Amino acid sequence: MAESEVDLESEQYEKHREAGEILAQVCEEAADRVEVGASQLEVAEWAEDRIRELGGQPAFPVNISVDEEAAHATPSIGDETTFGEEMVNLDIGVHVDGWLADTAVTVDLSGTPELAEASEQALEAALEIVEPGVETGEIGAEIEDVIDGYGYNPVVNLTGHGLGHWEQHTSPNIPNRAVSQGTTLEVGDVVAIEPFATDGGGKVTEGASEEIFSLQREGTVRNRQARDALEQITEEFRTLPFATRWLETDRPEMALRRLKRNDIVHGYPVLKEDDGSLVSQKEHTIIVTEDGCEVTTK
């Protein structure tokens, strides 16, 4: 978009800001509930309900990633898992009429505060250099530099991303390391910058469990439960990710298996670092402005 064409006071940006405001409050309140012995499911459902109470909708299921988990972990139906002395990442999203905000924070119960600080300081450094004309590779270089300085590795195969209308991941990608081929940021870009720091190898792989899904294409199924689930997905979540536990049909796991088999929905396996390692994450959503950026999730 040419600069003159972007009206940062238009309705879509106001909705991005509203989503960010709700999210900043919910993230802070949810983080306060993360303590040893607390229920993961209760924290996730509390945060999702709180978002609705404040006038937004969850943009995706609350992600609760623990220790070597980096992303796509959310409690299952009836999950009885409680927090231990672990590194806990909360990644939460809000939308208002499909306009999104995305944020994440690490709550360290593991006694490794420097790792949490590494991703936090990397994000601060990245935000300082954001302005129109900056290349995403330069942002990645800042992130990598700070995390390296703490003696940890950035997770190189996870990136920040643009936020579209009803789309949680759009271009541009914001790398967590220096890359030579980047995208130039422009006024009006809405992006989530999310450094991940780890004492592991710096690459995540897919784990076995899958609790988060999204609609891949429209389609029809004969099974009643799968049909009910598809109707709810299409109307309520559209193209945004959802959790198995959000489905109101009976036997939701079976419904999802059928939808997945027909390539109507696809799943997001939990992404993990090496066993025994820890991952921290910090994320904010920003709007690129004429002279820098506006953080919507602070």
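Cut-offs applied
Residues numbered from 1 in each chain as written. Predicted model: local features only at pLDDT ≥ 70, side-chain atom pairs only at ≥ 80, totals over all residues. Heavy atoms only, no water. Helix = DSSP H or I, 4+ residues; strand = E, 2+ residues; numbered from the N terminus. Expected span 1.5 Å × (residues − 1). Buried < 20%, exposed > 50% of the residue type's maximum accessible area, 1.4 Å probe, protein only. Contact = heavy atoms within 4.5 Å. Domains from an automatic or database assignment. Buried area = accessible area lost by both parts, 1.4 Å probe. UniProt positions renumbered as here; feature names shortened; annotations may be inferred. 1 Å grid on protein atoms, 1.4 Å probe; cavity = no way out; pocket = protein on both sides within 12 Å on 5 of 7 lines; lining within 4 Å. Polar contact = N/O pair within 3.5 Å; in protein donor to acceptor, adjacent residues only side chain to side chain. Points joined across faces, edges and corners; volume = space filled by probe spheres on them. Nonpolar A, V, L, I, M, F, W, Y, C, P; charged D, E, K, R; others polar.

For helix α4 (residues 136–149), built from 14 residues, the straight-helix expectation of 20 Å at 1.5 Å per residue is met to within 8% by its first-to-last C-alpha distance of 20 Å. Looking at α4, one finds that the buried residues are T136, G137, I139, G140, I143, V146 and I147. Tucked inside the fold, the buried residues of α4 contact α3 (113–129), β5 (153–154), β7 (167–174), β8 (190–193) and β9 (196–198). Positioned one or two residues after α4, G151 has a phi angle of 85°, which is positive.

The domains assigned to the chain are domain 1 (11–207 + 271–295) and domain 2 (212–268). Placing a centre on the C-alpha atoms of domain 1 and another on those of domain 2 gives a separation of 26 Å. At the interface, 21 residues of domain 1 touch 15 residues of domain 2. Taken over both partners, the interface formed by domain 1 and domain 2 buries close to 1,300 Å², and the fraction arising from carbon and sulfur atoms is 66%.

The subject of this paragraph is unusual backbone geometry. In this chain, S171 is followed by P172 through a cis amide linkage whose omega measures 0°. Tracing the sequence through the fold places P172 in strand β7. Its identity is not glycine, yet D97 carries a phi of approximately 55°, on the positive side. As for its position among the elements, D97 is in the loop between β3 (87–96) and β4 (99–108). Positive phi, close to 55°, is recorded for D263, a residue that is not glycine.

A few words on the UniProt feature "binding site: a divalent metal cation 1" (unreviewed entry) in the chain. The positions UniProt marks with the feature "binding site: a divalent metal cation 1" (unreviewed entry) are D91, D102 and E283. Over a stretch of 193 residues, the named residues converge on one spot in the fold, their C-alpha atoms separated by at most 8.0 Å. Checked against the lining of the largest pocket, the annotated residues reduce to D91 and D102. Classification of D102 as buried rests on a relative accessible area of 1%. A polar side-chain atom of D102 sits 3.3 Å from a polar atom in the side chain of H161.

Once that is clear, we can look at the side chain of Q281. Mapped onto the secondary structure, Q281 falls in strand β13 (residues 279–281). If near-sequence neighbours (up to four positions away) are discounted, Q281 is found in contact with A70, N89, D91, A104, V105, T106, S119, E194, P195 and F196.

So, on to the layout of surface pockets. The volume enclosed by the largest pocket comes to roughly 530 Å³. For the largest pocket, the lining is made up of 22 residues, of which H72, Q168, H169, P241 and Y268 are closest to its centre. For the lining of the largest pocket, the secondary-structure elements that each account for two or more residues are β1 (57–66), β7 and β12 (265–272). Considering only residue class, the lining of the largest pocket consists of 11 nonpolar, 7 polar and 4 charged. Counting residues domain by domain, the lining of the largest pocket receives three or more from each of domain 1 (11–207 + 271–295) and domain 2 (212–268).

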